[in-house]
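Listed below are the residues making up each chain.
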Amino acid sequence: MGAERPTAAPAVVRLEAYDRSEIFGDAADPFGVDAWGLVWLPKEHHFGVRADGRLLAHAGLLVLPLSVGGRRMDVVGLGGVAVASDQRGRGLAARVVGGALEQARTLGPEFALLFCRPEVSGLYARLGWSEVAGEVEVEQPDGPAAMPLRTMWFPLREASRWPEGPVRLHSCPM
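Below, the structure is looked at part by part. (Residues numbered from 1 in each chain as written. Predicted model: local features only at pLDDT ≥ 70, side-chain atom pairs only at ≥ 80, totals over all residues. Heavy atoms only, no water.)

Now for the overall build of the protein chain. On a plain count of helices and strands, the protein chain comes out with 3 helices and 10 strands. Here the C-alpha radius of gyration of the protein chain, 16 Å, is about what a compact globule of 174 residues would show, namely 16 Å. Looking at the protein chain as a whole, 45% of its 174 residues qualify as buried. The long-range share in the protein chain, meaning contacts at least 24 apart out of those at least 6 apart in sequence, stands at 71%. (Helix = DSSP H or I, 4+ residues; strand = E, 2+ residues; numbered from the N terminus. Rg over C-alpha atoms; globule rule 2.2 N^0.38 Å. Buried < 20%, exposed > 50% of the residue type's maximum accessible area, 1.4 Å probe, protein only. Contact = heavy atoms within 4.5 Å.)

Encoded structure:
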């Protein structure tokens, strides 16, 4: 018999704090990115889906400085997207990302940005995200580094189009 599933669709709510162990337990590398040795920034805004007191899904946001083709701007970084393993396949990732993007639209930047493993980029593409062409550079403690993960963008304003040119995140990734 599988895990108990909530019957009503719980709402996406803003979280005061987020502890990834609520979803992942004590998993050492829950996002599968530790092998690249990157330093990641914590998110400032957290959103989740809870049912019966349990956190089922999470997404976090952080506003970051970026340049594309020499044009400086801020972007809203989306990261820490997670769904409890026994709750996957129920649309919770789409719901929590959608709820986080509603908030992202109020933060000012024109675009949202995320980094993901290639095997999950299809999920984000189905949610309206587009892949950034070319190499993306991010800051690390020892200086700039090429981002080994897929970089995807999402328009936070109607009719926004990603600019052309080299991309550099002027901070550690989110």
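Leu 78, Val 97, Leu 101, Tyr 124 and Trp 129 are the most contacted members of the largest nonpolar core, which has 26 residues in total. Considering each element in turn, this core owes the most residues, 7 residues, to helix α2 (residues 92-104). Sequence-distant contacts of Trp 129, that is, excluding residues within four places in its chain, are made with Leu 78, Val 97, Leu 101, Ala 112, Leu 113, Leu 114, Tyr 124, Met 152, Trp 153 and Phe 154. Judged by nonpolar contacts, the second largest core, of 21 residues, contains Leu 62, Val 132, Val 136 and Val 138. (Core = buried A, V, L, I, M, F, W, Y, C linked by side-chain atoms within 4.5 Å.)

The next subject is the pairing of strand β7 (residues 136-140). Burial of β7 is extensive: 4 of the 5 residues sit out of reach of the surface. In terms of strand pairing, β7 meets strand β10 (residues 167-169) through 3 bridges, oriented parallel. By the bridge assignment, Val 138 is partnered in β10 with Leu 169. Judged from the 4 bridges that link them, β7 and strand β8 (residues 143-146) form a sheet pairing that is antiparallel. For Glu 137, the partnering residue across the bridge sits in β8 and is Ala 146. Counted along the chain from β7 to the antiparallel partner β8, the turn is 2 residues long. (Pairing = 2+ DSSP bridges.)

Attention now goes to the environment of Glu 158. Residue position: Glu 158 is located in the loop between β9 (150-155) and β10. For Glu 158, a relative accessible area of 81% puts it in the exposed group. When the C-alpha positions of Glu 158 and Asp 29 are compared, they lie 36 Å apart, and in sequence the two are 129 residues distant.

Moving on, we come to the pairing of strand β2 (residues 45-51). Burial runs high along β2: 6 of the 7 residues are buried. Bridging between strand β1 (residues 12-15) and β2 involves 4 bridges; their strand directions are antiparallel. Counted as the bridge partner of Val 12 is Val 49 from β2.

Attention now goes to the pattern of salt bridges. Tallied over the full model, the rule gives 7 salt bridges. Between Glu 131 and Arg 150 there is a salt bridge, and its shortest N-O distance comes to 3.4 Å. You can see Glu 131 sitting in strand β6 (residues 130-131) and its partner Arg 150 sitting in strand β9, a full 19 residues away along the chain. One network of salt bridges, with partners in common, ties together Glu 137, Glu 139 and Arg 168. (Salt bridge = Lys/Arg side-chain N within 4 Å of Asp/Glu carboxyl O.)

Everything listed here is a matter of geometry and, on its own, says nothing about what the molecule does.
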